[in-house]
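# Notes for the structure review
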Amino acid sequence: MLEFQNLTVQKDNRRILDQLNMEVVDGSIVGLLGPDSDAKRMVLRIAAAIEYPDGGDVLLEGKSVFDKKAGTFMKYGYMSNDHVFFHQLKLFEYYEMCLSIYKIRGRMARIRIEDIIEQLELEKYTDLYLEELPLEMRPFVSLGQAIIHEPSWLLLDHPFNDLDGLGREKMRNLLAQLHDQGMSILLNCSMVPEMTGLLTDVLVFEEGKIAISGPIEEVVEQIMHERPVRMHVLSNMDGALDVLKTNDLVERVIVDGSHVIFRFRGDDIEEARLLSSIVKNGVLLQNYTRDRINLDDILWR
Amino acid sequence: MLNPLLRAEWLREGRSNRLAVTIIFYNAILALIIILFMVFNTESFQEGYYFDPAVYRFQYFIISAIQMGLILLFMPFSVWGLFIRDNDEEMIRRYRVIPGFSRKYVMSKIGLIMSIALLLYVSSLPVLSLACIYSGVTWTEILRLGLMLMFFSFWSGSIAVYAFIRRQSGIRGFSLDVFINLFFFMGTLLLSEFIHSVAALSQGAEAVADSADICMLLVSMNPLVCLTGYLANITGDNSVINAFCSHIGYDNSGEMFTFTFFKLAGLAGILIGLLFLYQAVAYLDRDARRRDALVKAETL
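An account of the accompanying structure is given in this report. Every chain begins its residue count from 1, and numbering advances along the sequence as written. Whichever chain is written first is A, and whichever ligand is written first is 1; the rest continue in order. Local features in a predicted model are, by the rule used here, given only for residues with pLDDT of at least 70; side-chain atom pairs are given and counted only at 80 or more, and totals for whole chains, interfaces and linings are based on all residues. Excluding hydrogens and water, the side-chain values take into account all heavy atoms of the structure.

Let us now look at the nonpolar core. Within the largest apolar cluster, 170 residues are counted, with the highest numbers of intra-cluster contacts made by Leu17(A), Tyr95(A) and Leu143(A). A helix here means a DSSP run of H or I that spans at least four residues, while a strand means a run of E at least two residues long, and both kinds are numbered starting from the N terminus. Of the residues forming this core, the biggest block, 16 residues, is contributed by helix 6 (residues 139–166) of chain B. Every residue pair with non-hydrogen atoms within 4.5 Å of one another is taken to be in contact. Not counting residues up to four positions away in its chain, the partners in contact with Tyr95(A) are Ile113(A), Ile116(A), Ile117(A), Leu120(A), Leu122(A), Phe140(A), Val141(A), Gly144(A), Gln145(A) and Ile148(A). By nonpolar core we mean a set of buried residues, namely Ala, Val, Leu, Ile, Met, Phe, Trp, Tyr and Cys, connected to one another through side-chain atoms within 4.5 Å. Any residue under 20% of the maximum accessible area for its type is buried, any over 50% is exposed, and the rest in between are partly exposed; the area is computed with a 1.4 Å probe on protein chains only.

Here it is as structure tokens:
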């Protein structure tokens, strides 16, 4: 389990993370979503012990990721979104260096590198220097660097950046494959189509805190259910407003000409009862809909 | 096992054109100086002219000193180029939590610096051998020059590595590097002069004698002392160190002085280099940020 305990990060008089507490269970693929891109990126970088928080801790399987002696560095791999490489090295040399840092050398290292190159389909790029790689292959090289030492956790920052449609599909399949191999994944991403069917859970960040969290189906349903309701009232506007004001599940009622807009927190049955009450009160309704909402705007910024 | 980061540095440096350009310019400068000496000494190659080996040995010393000077002068610039900021900064941040990484990183930088210095020395051997032919310099003195170059590159490289690691930007690292170099080259001399002057003005002959020991200790940390020792070894000329000792009132007439003092200065230089490398590793390794974060957490 990956635990974030009271994480606080402050930069330039702004709280990027504010007393963040969350747990990510083994075997999940968790998407970090929402408009707060600084917070999402910081969560990953702190979990990878690249940045230090101003307060709090991150525990991986009960041990702090900042404790060198705990050896947690072998258990996670981090992929950044800027693909920083040693550009004058070739692929094999770069992976060899990365593995050597983890003290894996010799025949084991060679076998592991060959497996990675095969899994990521990078065979035809092994003779090129990293600076000569096509732009769309660099995320895969970066992913290879993250998984080279066979970690159990992957921390991915925008893995779909710089990829075209086919590349994104390939990356998605690779992540699904890695998940099937037993890796848990925490990723920061904003691409809707690729996330479909991949994520098990989502965390939506706003202003340094988690606004919504949970399994993706429940989160989407919750968001969809919070869309504003719009009624077109042909007559007896006062009757409609009376019913709405007396209902505890109704919030933020706005009258816009002959339209009434409000938020309703209840479930489908309670909503049906509300609609019946409005009609029984003699209100003539021409239209009762929920506003269209762009899921991308809510989740995927 | 070879340091993986040092291997990566060798590959990186070897595949860039910077090293080739450095070697070409380094040897071009030395060749130009040799040619100038040959022009100035044209008469000596004429039949019947008296050949004075002392003059040529002094010229050999000048060529050697210029090599050392080039190493010292261009070290801050060349080390600056080794710290490709984005790559190195991100790599340090990513891997510093792995035990031993900081040490490997620092050793890879100093290892590369000394490898380049060795390469420059080896590449200059054909040019140096011209000096051998007409100056009568022996192979041991050629080797001693190599050791001197390694010493100066280690000394100045250690300081440069520390400076660029300690400071976040290239300009600040460069400034710190230059400042530390100036302190050792000029600061030790000025400080010893200050101590001698204070002692001479205020406290009399006994105090001057005591201060002379302190001044010699300070000056032993100055790498130029090693250069004067090298001068004495090549040309037999001890005038520089004799003048200094005479000025501060230090008795260097003993036989052991020449044997021990320059070796002490060399050892001091190596220890100073090791100290800066240790500080560089300690800076990368420090848990201070983590401790600061924990302290802040209690107050938040």
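Having put the structure on the table, let's press on.
Another aspect to go through is the interface of chain A and chain B. Taken together, the 38 residues of chain A in the interface contact 28 residues of chain B. Around 3,300 Å² of area is buried between chain A and chain B when both sides are counted, 56% of it from carbon and sulfur atoms. Summed over both partners, buried area is the accessible surface (1.4 Å probe) that two parts give up on being assembled. Area buried by chain A at its contact with chain B is led by Tyr52(A), Lys68(A) and Ile101(A), which between them contribute 22% of it. Only one rule defines a salt bridge in this text: a Lys or Arg side-chain nitrogen within 4 Å of an Asp or Glu carboxyl oxygen. Summed over the shared surface of chain A and chain B, the result is five salt bridges. Notably, a salt bridge pairs Arg7(B) with Glu96(A), separated by 3.3 Å at the nearest N-O pair. Throughout this description, a polar contact denotes any pair of N or O atoms lying within 3.5 Å of each other; where both atoms belong to protein, one of them has to be capable of donating a hydrogen while the other can accept it, and for residues adjacent in sequence the pair is counted only when both atoms sit in side chains. For the interface between chain A and chain B, the tally reads twelve residue pairs in polar contact (both at pLDDT 80 or more). Looking at the side of chain A that touches chain B, the elements that each hand over two or more residues are strand 4 (55–60), strand 6 (76–79) and helix 2 (91–101) of chain A.

With that settled, consider the sheet that holds strand 7 (residues 153–157) of chain A. Residue and element names in this part refer to chain A. Spatially, 6-7-8-3-9-10 is the arrangement adopted by the six strands of the open sheet, whose pairing is mixed. Since the sheet does not close on itself, it has two edges, and those belong to strand 6 and strand 10 (209–215), each with one partner. Pairwise comparison of adjacent strand axes, ignoring direction, gives a mean angle of 15° for this sheet. Note on definitions: angles span 0 to 180 degrees between N-to-C directions of axes, and those axes are lines fitted to C-alpha atoms, for helices only across the stretch in contact. Lying on the sheet, helix 4 (residues 138–147) is in contact with strand 6 and strand 7; it crosses strand 6 at an angle near 160°. On top of the sheet, helix 7 (residues 216–225) reaches strand 9 (201–206) and strand 10; it is set at about 120° to strand 10, its chief contact. Strand pairing is assigned whenever DSSP identifies at least 2 bridges connecting the two strands.

This part takes up a nonpolar patch on the surface. A residue counts toward a patch only above 30% relative accessible area and without a salt bridge, and it is joined to like-charged neighbours within 9 Å or, for Val, Leu, Ile, Met, Phe, Trp and Tyr, to nonpolar neighbours within 5 Å. Each accessible area is a Shrake-Rupley estimate made with a 1.4 Å probe; only the visible protein chains count as cover when residues are assessed. A surface patch of nonpolar side chains, amounting to about 510 Å² of accessible area, comprises Leu32(B), Ile35(B), Leu36(B), Val39(B) and Phe40(B). Tracing the backbone through its elements, the reader meets Val39(B) in helix 2 (residues 18–40).

A few words on the packing of aromatic side chains. Stacked, edge-to-face and tilted are the three classes for Phe, Tyr and Trp ring pairs, Trp counted by its six-membered ring, which pair at centre distances within 6.5 Å; planes under 30 degrees apart are stacked, over 60 edge-to-face, the rest tilted. Counting across every chain of the model gives 18 aromatic pairs over all chains. The interplanar angle of 80° and the centroid separation of 5.3 Å between the aromatic rings of Phe183(B) and Phe184(B) together place this pair among those described as edge-to-face. By the criterion adopted, a ring carries a charge over it if an Arg CZ or a Lys NZ lies within 6 Å of its centre and within 35 degrees of its normal. The positively charged end of Lys90(A) is found above the aromatic ring belonging to Tyr129(A), 5.3 Å away from the centroid. Looking at Lys170(A), its charged tip hangs above the ring of Phe140(A), at a distance of 4.3 Å from the centre.

This brings us to the pairing of strand 12 (residues 250–256) of chain A. All names here are of chain A. Bridging between strand 12 and strand 13 (residues 259–264) involves five bridges; their strand directions are antiparallel. Across the sheet, the residue bridging to Ile254 is Ile261, located in strand 13. Counted between consecutive antiparallel strands, the loop separating strand 12 from strand 13 contains two residues, among which Gly257 sits at a positive phi close to 70°.

Residue and element names in this part refer to chain A. A cluster of acidic residues, Glu217, Glu218, Glu221, Asp267, Asp268 and Glu270, forms a negative patch at the surface. Among the elements of the structure, helix 7 and helix 9 (268–280) are those that each provide at least two residues to the negative patch. Here the negative patch gets three residues from one element, more than from any other, and that element is helix 7. Summarising the element assignment, Glu217 is placed in helix 7. Under the relative-accessibility criterion, Glu217 is labelled exposed at 56%. Charge counting treats Lys and Arg as positive and Asp and Glu as negative, with His and both chain ends excluded. Charged groups are reduced to one reference atom each: NZ for lysine, CZ for arginine, CG for aspartic acid, CD for glutamic acid.

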